[in-house]
Protein chains: 2
Amino acid sequence: MSGQRSVTENIEALSQFGQLPDGSVTRLVYDDAWVAAMTWWLRQGQQQGMQATIDSYGNGFLTYPGSQSGTVAVGSHIDSVQHAGHYDGAYGIVAAQLAMTRLVARLGQPQRTMMAIAFSEEEGSRFPVSFTGSRHYSGVAETDDTLTDAKGVTFNDARQQAVQSLSEHFNQTEQALPDEFMELHIEQGPLLESTHDDIGVVSTICELEEFVVTLTGEANHAGTTPMHLRHDALMAAVQVISQLDEQAHQVGEPFVFTVGQLEVSPGSSNVIPGQVRFTIDIRHPQRRVVDEFEQVIRQLLADVNEVRVDLKRVTASYPEVRMDPRLMGQFEQICQQRGLAYRVMPSGAAHDTQMMNAKVPTAMLFVPSHRGISHSVAEYTSPEALENGVQVLMAQLYQECY
Amino acid sequence: MSGQRSVTENIEALSQFGQLPDGSVTRLVYDDAWVAAMTWWLRQGQQQGMQATIDSYGNGFLTYPGSQSGTVAVGSHIDSVQHAGHYDGAYGIVAAQLAMTRLVARLGQPQRTMMAIAFSEEEGSRFPVSFTGSRHYSGVAETDDTLTDAKGVTFNDARQQAVQSLSEHFNQTEQALPDEFMELHIEQGPLLESTHDDIGVVSTICELEEFVVTLTGEANHAGTTPMHLRHDALMAAVQVISQLDEQAHQVGEPFVFTVGQLEVSPGSSNVIPGQVRFTIDIRHPQRRVVDEFEQVIRQLLADVNEVRVDLKRVTASYPEVRMDPRLMGQFEQICQQRGLAYRVMPSGAAHDTQMMNAKVPTAMLFVPSHRGISHSVAEYTSPEALENGVQVLMAQLYQECY
C-alpha cells in the first residue's frame, strides 16, 4: 500500500479479496479470502516500515512506535457481509494505514505510538455473533468457541486455522489497549448527501434494541371460515405494526423503527395464517427514548386479544456510547479550518468504536454514502469524499501524536 | 367395503393408504399410496357387485347398471393435501359407495344407473394445478402434460405409470357424463357446528379470485436511514392490507378476504424491506361482489405512492356455480322428514362439483367439521354426523334411481 496510491485505489485493491463475478465482495471471518486480505494489509504496512502483529482472534495491528509513551489507535473491520460493497469496514482500515504512512513519510517518527487496527469480524455474517474482534481486543467479551457456521464448522476451529496461517508470517501477541481509538467509516445512510455535508462528526452511537414478536392464532381454510370466527395471526400483526409505525413517527427523528423480517406460517394463499413471527429494531441516541418505546411495544401487545402474543428481547444491552468531547471538538475545528462542511450526528449503525468506547475515549468520522446504500454492490463514495475523511484523520493524528 | 361396516370404519380403512406416523395422510395423485387406495376402493365395490373401471386420468368409477336409461353419479376425490386429515374427499367417495351398496342390498337393481366416482386429483398438492380429474371427466379442460412435480417428474409420466398399474386389474374406458352429479363433503368450516345444524345444503359454490401483489421500495440500513427518507415495502404492505381488511369487513358476511402468503425481501432484522409479495384471496357467492372488491383493491393500490406496485390476477374465471333447485329442494325435504336440522349455505371452498356443474345439474351436502379445522390431522367429524349425511344421500338416490 504505497503513499502514491489514492485511498480509492487502495480500497479497490483490498476488494479483490473475496470479490464475486458481479463485483460484490463476500469476505467472511477466517475464510480463505479473509486470510489473504489480512495478509495483504499487514504486508503493505510492513513495506512502509510498520510493525505487523496479530492476536489470538486474528485482529491485525500495524504500529509505528513513538519516541515517547502513549498510543493512538485508528481502525475498523476487515470482514464483510454476504454480497457486500467495497467500502464498509475496508475504508477505515485502508485510511488508517494511509494516514500513518503519509505522516511518517513527511514528518518521521511520531512522539506517541500510532497504531492501525483491522478487526477480524464485525458483521456477524458467518457465525451467529458479531463484533467478536473488537469485543476480544477491548476486553468487553470473549466469544463462545462452540458456535458453528452454516456448514457446522465451529468458531474455534475456524479461528485456530486462520490464526495458524497468519502466524506463519506475522508475530502473534496480545496487544495492550491504546489511550484512545478513532474510526473512519462510510455513513451507510443518506443524511450527509442530502444535507451536502462532507464530514459527519459522530456524537453518539445509537442505543439499539431488537425484539422478536410471535403472534399465534389459528390456521384455517380461507374459503370456509367466516371473518368473525377467525384468529388470523397476520391481520393481528398488521394492526400491531401499523400502530407501532404511527407511534414511531410521533417520537420523531432521529428515532428509527424497522420491521425487517416477517414470516407467515403456514404460508399458503388459501390458508388463514396461524402464526406470524416478526422482528422489531428500534434505535435512538438516548437510552431513555429506546426504553420508552419498549414500553409502547409492551402495552400495545398487551392489548391484543385475538391471538396469543410472545415478545422476546434479542439484544444485550451495551454501555452507553458517547464520543469523547475533546476529540470531537478537534474534529470540528479541523473541518472548519479546511472549509469542509460538517455535521455533528448520531450513528444509527453499530460500530467497533462502540466496543472500544467501553474502555477508552473514542471518536468517529463519517463520509457520505451515495443514496445511503450499504451492504450492497451499489455502495459508493466518491474518491474526493473518501480523501476528505483521510485528510481530517491525518490532521487529528498530527495533533495527537506529533 | 361391507354394508356392515360404518362410514367411519370405512374412512379409517381408506386413511391407512398414505398415513404417516403422526396419523396424518399424504396421498398425492399417482403416488404409490394413491394407486393402493384406488385399487382398494375399486376392489371393495367389485365385491359388492359393482362394475369397476378407470379412465385415462385414473378417475375411478363404480357402477350398478339400472334397468332403464339414465345415470346418477355421486362422488368426490381420493387424493389429499400434504399432512391431511382423514375426511376431506375420502368421506365423499366412501359414502357414495356405501349408499349404493345399502340401497342395492335392500332394494335390488335400480331403474336408473347409479355410479360412484373417485376423482383422481382435486387438491393441487403434487403438480401446480388442481381439479385435474374432474376437469378431464367433465370435459372442462385437459391438463398440461409437461407440468412437473417437486422432483421433476412430469404429469404425463406419473399419470401413465399409475394408470398402467391400475389397468392391470381394471378395465380402462372413458365414461360418458351422468345426467346429474352429487357430492357429500365435510364443511371444512365452523358454521354448521356453531349453528348446531346437522346438514348443509349447498346453494352455490363461491366465486373466488386470487391475486398476487408485489410492492417494491428500497432496501436500506435500518439504523442509518431516517424514517422520512425510507421506501419501506413492508410498511406500505401493512397499510394496504389494513385498509383492505377494513373494507372487507364492511362488505360483510359471507364475504371472505385472506392474505395467506406474505414474503419480505431481503428479510434481515436490520434491513428496511425492499420488496414485499403477498397474496389476496377473496370469495363470495355472487360474482358481482367479488368483482366490486377487485375494484376496491385496484383503487387502493393506485393510491400507493411510496413504493412501486404490481398486481397480478392468478385465478382463471370459472362459470358461475349454482346448485340445481330441484335436487336442493329434495335434500331440504328429506332433512325435514327426518328431523335433521339443516341450513342452506354457500360453499366457500371449491369442489369437484364446480367442474361437473359446467355440464350437468349438481347438488352438494355438507356435514359439520369440528372447530372448522381442515387440511390437518385435527380434521374431525363424529360418526353420527357422518352417518346423517349418508342417510340423506341414500334417500336422495332412492328418489332419483328407484
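Small disclaimer: the values here were computed from a predicted structure and weren't measured. (Residues numbered from 1 in each chain as written. Chains lettered and ligands numbered in written order. Predicted model: local features only at pLDDT ≥ 70, side-chain atom pairs only at ≥ 80, totals over all residues. Heavy atoms only, no water.)

Topic: the overall build of chain A
- Tallying secondary structure elements over chain A gives 11 helices and 16 strands in all.
- Radius of gyration (C-alpha) of chain A: 23 Å, near the 21 Å computed for a compact globule of 402 residues.
- For the C-alpha atoms alone, the extent of chain A along its principal axes is close to 80 × 45 × 35 Å.
- Burial status across chain A gives 60% buried among its 402 residues.
- Put simply, of all contacts in chain A between residues at least 6 apart along the chain, 78% involve residues at least 24 apart.
- Accessible surface, chain A: about 14900 Å² in total, of which carbon and sulfur atoms supply 46%. (Helix = DSSP H or I, 4+ residues; strand = E, 2+ residues; numbered from the N terminus. Rg over C-alpha atoms; globule rule 2.2 N^0.38 Å. Buried < 20%, exposed > 50% of the residue type's maximum accessible area, 1.4 Å probe, protein only. Contact = heavy atoms within 4.5 Å. Areas by Shrake-Rupley, 256 points an atom, 1.4 Å probe, with all protein chains shown as cover.)

Here's the deal with the domain arrangement of chain A
- As far as domains go, chain A holds domain 1 (7-188 + 349-401) and domain 2 (207-313).
- Centre-to-centre separation of domain 1 of chain A and domain 2 of chain A, based on C-alpha positions: 37 Å. (Domains from an automatic or database assignment.)

A closer look at the relation of the copies chain A and chain B
- The transform that puts chain A on chain B rotates by 180 degrees and translates by 0.0 Å along the axis, for an RMSD of 0.1 Å. Here the transformation between the copies is reduced to the relation of a two-fold axis. The rotation axis passes nearest to the C-alpha of V238(A) in chain A, at a distance of 2.7 Å.
- The overlap is high: 100% of the interface residues of chain A also sit at the interface in chain B, so the same surface is used on both sides. (Least-squares fit on C-alpha atoms with pLDDT ≥ 70 in both.)

A word on the sheet that holds strand β15 (residues 342-347) of chain A
Residues and elements named next belong to chain A.
- Taken together, nine strands build an open sheet; the order of strands is β5-β1-β2-β4-β3-β6-β16-β7-β15 and the sheet is mixed. Among the strands making up the open sheet, the edge pair consists of β5 (171-172) and β15.
- Here strand β3 (residues 71-77) runs beside strand β4 (residues 113-119); their pairing, made up of seven bridges, is parallel. Directly across from V72, in β4, lies its bridge partner M114. (Pairing = 2+ DSSP bridges.)

Observations regarding helix α7 (residues 233-251) of chain A
Residue and element names in this part refer to chain A.
- The terminal C-alpha atoms of α7, which comprises 19 residues, lie 27 Å apart, in line with the 27 Å expected from a rise of 1.5 Å per residue.
- A233, L234, M235, A236, A237, V238, V240, I241, S242, L244, D245 and A248 are the residues of α7 that are buried.
- Two or three places before L234, at the opening of α7, D232 has a side-chain oxygen 2.9 Å from that residue's backbone nitrogen.
- Once α7 ends, the next one or two residues include G252, with phi positive near 85 degrees. (Expected span 1.5 Å × (residues − 1). Polar contact = N/O pair within 3.5 Å; in protein donor to acceptor, adjacent residues only side chain to side chain.)

Observations regarding the interface of chain A and chain B
- Contacts between chain A and chain B engage 53 residues on the former and 53 residues on the latter.
- Of the roughly 4500 Å² buried where chain A meets chain B, counting both sides, 57% is carbon and sulfur surface.
- Among the residues chain A hides against chain B, the three largest losses belong to M227(A), M235(A) and S269(A). Together they make up 15% of the total.
- On the surface where chain A and chain B come into contact, there are two salt bridges.
- At the junction of chain A and chain B, the tally comes to 14 residue pairs in polar contact (both at pLDDT 80 or more).
- Of all elements in the fold, only β9 (220-221), α7, β10 (256-258), β11 (262-265), β12 (271-272) and β13 (275-284) of chain A reach the threshold of two or more residues within the side of chain A that touches chain B.
- Looking at the side of chain A that touches chain B element by element, the count peaks at nine residues for α7(A).
- Taken together, the residues of the side of chain A that touches chain B break down into 21 nonpolar, 23 polar and nine charged. (Buried area = accessible area lost by both parts, 1.4 Å probe. Salt bridge = Lys/Arg side-chain N within 4 Å of Asp/Glu carboxyl O. Nonpolar A, V, L, I, M, F, W, Y, C, P; charged D, E, K, R; others polar.)

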